[in-house]
Amino acid sequence: MRHLLSTKDLSYDEALTILDTADQMAAVGQRSVKKLPALRGRTVVNLFFEDSTRTRISFESAAKRLSADVLNFSAKGSSVSKGESLKDTAQTLAAMSADAVVIRHSASGSPQQLAESGWIDAAVVNAGDGTHEHPTQALLDAMTLRQHRARTEGRAGTRGLDLEGMHVVIVGDVLHSRVARSDLWLLTALGARVTFVAPPTLLPVGIADWPCEVVFSLDEALDPAPDAVMMLRVQRERMNAAFFPTAQEYAREWGLTPERVAALDAAGATTAIMHPGPMNRGLEISSAAADSPRSTVLDQVRNGVSVRMSVLYLLLSGDDLDTPSDPAHPQER
């Protein structure tokens, strides 16, 4: 694997290799010294053309834990704000000998263009492009789901564990969500069944051809209780029209309200509550849900660093993705 641009490109075996390696990386975070020398001497550039806090910090933390040098690039205050093109920016990075470029861009397809253009000889990681994909978010969601499955089934570990037979309900602004798309391709590849729940105005054209179920009632989707329910952020910044009448109606019909959480508790369900963040409390998710013992939001953040360590390690260490060396004992290079 030369780049990570889309979960649709990942095979079953490749996805499990990334997740199993992420489990090993998570163990590094439990040490007193949370660093490995695996990428010493390598340079990772965080090239962010969109605002981000969680994703950029997570990639930066991941690279530094692997001993890579990190350069953070923000479009605001840079030459991009003066009209510099993606090509010129990429060639500038190439002149700085970047080994990997982590790119977030508002235009769908930008990471693929960067990877295939020949402008730069570096591994490219898609950190979110337009409404297309966000592959490392899907990988950290899959890691979280594997951990949830291991806990509920009393398994000792997650190595080699897939999501066969699990039911995941994804709720909300599917139309504008790159997370929903990446999750769909990855979770179904790992054997999960995915149901989307949203008002008709927040579903994309062509969704009938996607490998998922679509329902319009959240209460219907939660009965019987799924293994996990993921609440998507309502992306108001991408909306140029009224996609639903009022925030109150959206919260009542498609939000994870305290009443819905109480119903899961009363049914004795083991349903995990997930959210890619940042959360709009009181809109798509209530504080009762976000702060519930069922919530895996902080687990997702924690797993994000491990997954991104895994991706950078596998892309830059020189190991074959299918047979990586032990990242805890990397070979000297």
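Because the structure is predicted, anything quoted here is derived from the model rather than measured. (Residues numbered from 1 in each chain as written. Predicted model: local features only at pLDDT ≥ 70, side-chain atom pairs only at ≥ 80, totals over all residues. Heavy atoms only, no water.)

Caption draft 1: How the structure looks around the pattern of salt bridges. Per the stated rule, a full pass over the model turns up 14 salt bridges. Between Glu-50 and Arg-178 there is a salt bridge whose closest N-O contact spans 3.1 Å. Taken together, the residues Glu-50 in the loop between strand S1 (43-48) and helix H2 (54-65) and Arg-178 in helix H6 (residues 178-189) connect sequence positions 128 residues apart. With a relative accessible area of 18%, Glu-50 lands in the buried category. (Salt bridge = Lys/Arg side-chain N within 4 Å of Asp/Glu carboxyl O. Helix = DSSP H or I, 4+ residues; strand = E, 2+ residues; numbered from the N terminus. Buried < 20%, exposed > 50% of the residue type's maximum accessible area, 1.4 Å probe, protein only.)

Caption draft 2: Highlighting the UniProt feature "binding site: L-aspartate" (unreviewed entry) in the protein chain. As recorded in UniProt, the feature "binding site: L-aspartate" (unreviewed entry) lies at Lys-82, Arg-178 and Arg-233. Note on Arg-178: relative accessible area 10%, which makes it buried. Mapping Arg-233 onto the fold places it in the loop between strand S8 (228-231) and helix H8 (247-254). Ignoring any residue separated from it by four or fewer positions in sequence, one finds Arg-233 in contact with Asp-173, His-275, Pro-278, Asn-280 and Glu-284. (UniProt positions renumbered as here; feature names shortened; annotations may be inferred. Contact = heavy atoms within 4.5 Å.)

Caption draft 3: Local environment of the domain arrangement of the protein chain. Examined at the domain level, the protein chain breaks down into domain 1 (12-133 + 301-316) and domain 2 (135-299). For the pair domain 1 and domain 2, the two sides together bury roughly 2,500 Å², of which 53% comes from carbon and sulfur. Scanning the region where domain 1 abuts domain 2 turns up 4 salt bridges. Here Arg-302 ties to Asp-299 by a salt bridge, and the two come within 2.8 Å at their closest N and O atoms. Run the count over domain 1 and domain 2 and you get 19 residue pairs in polar contact (both at pLDDT 80 or more). A per-element tally of the side of domain 1 that touches domain 2 places helix H1 (residues 12-28) first, with 10 residues. Of the residues assigned to the side of domain 1 that touches domain 2, the class counts are 12 nonpolar, 10 polar and 9 charged. (Domains from an automatic or database assignment. Buried area = accessible area lost by both parts, 1.4 Å probe. Polar contact = N/O pair within 3.5 Å; in protein donor to acceptor, adjacent residues only side chain to side chain. Nonpolar A, V, L, I, M, F, W, Y, C, P; charged D, E, K, R; others polar.)

Caption draft 4: Molecular detail of the packing of helix H5 (residues 135-153) against helix H11 (residues 297-316). Orientation of H5 relative to H11, taken along the N-to-C sense of each, is 120°, at an axis distance of 8 Å. In terms of orientation, H5 lies oblique with respect to H11. Here the hand of the crossing between H5 and H11 comes out right-handed. Here Thr-136, Gln-137, Leu-139, Leu-140, Asp-141, Met-143, Thr-144, Gln-147 and Arg-151 of H5 come into contact with H11, specifically with Asp-299, Gln-300, Asn-303, Gly-304, Ser-306, Val-307, Arg-308 and Val-311. Tallied by class, the residues present in the contact of H5 with H11 amount to 5 nonpolar, 8 polar and 4 charged. (Axes fitted to C-alpha atoms, helices over the stretch in contact; angles between N-to-C directions. Parallel < 35°, antiparallel > 145°, perpendicular 65-115°, else oblique. Left-handed = near helix turned anticlockwise from the far one by under 90°.)

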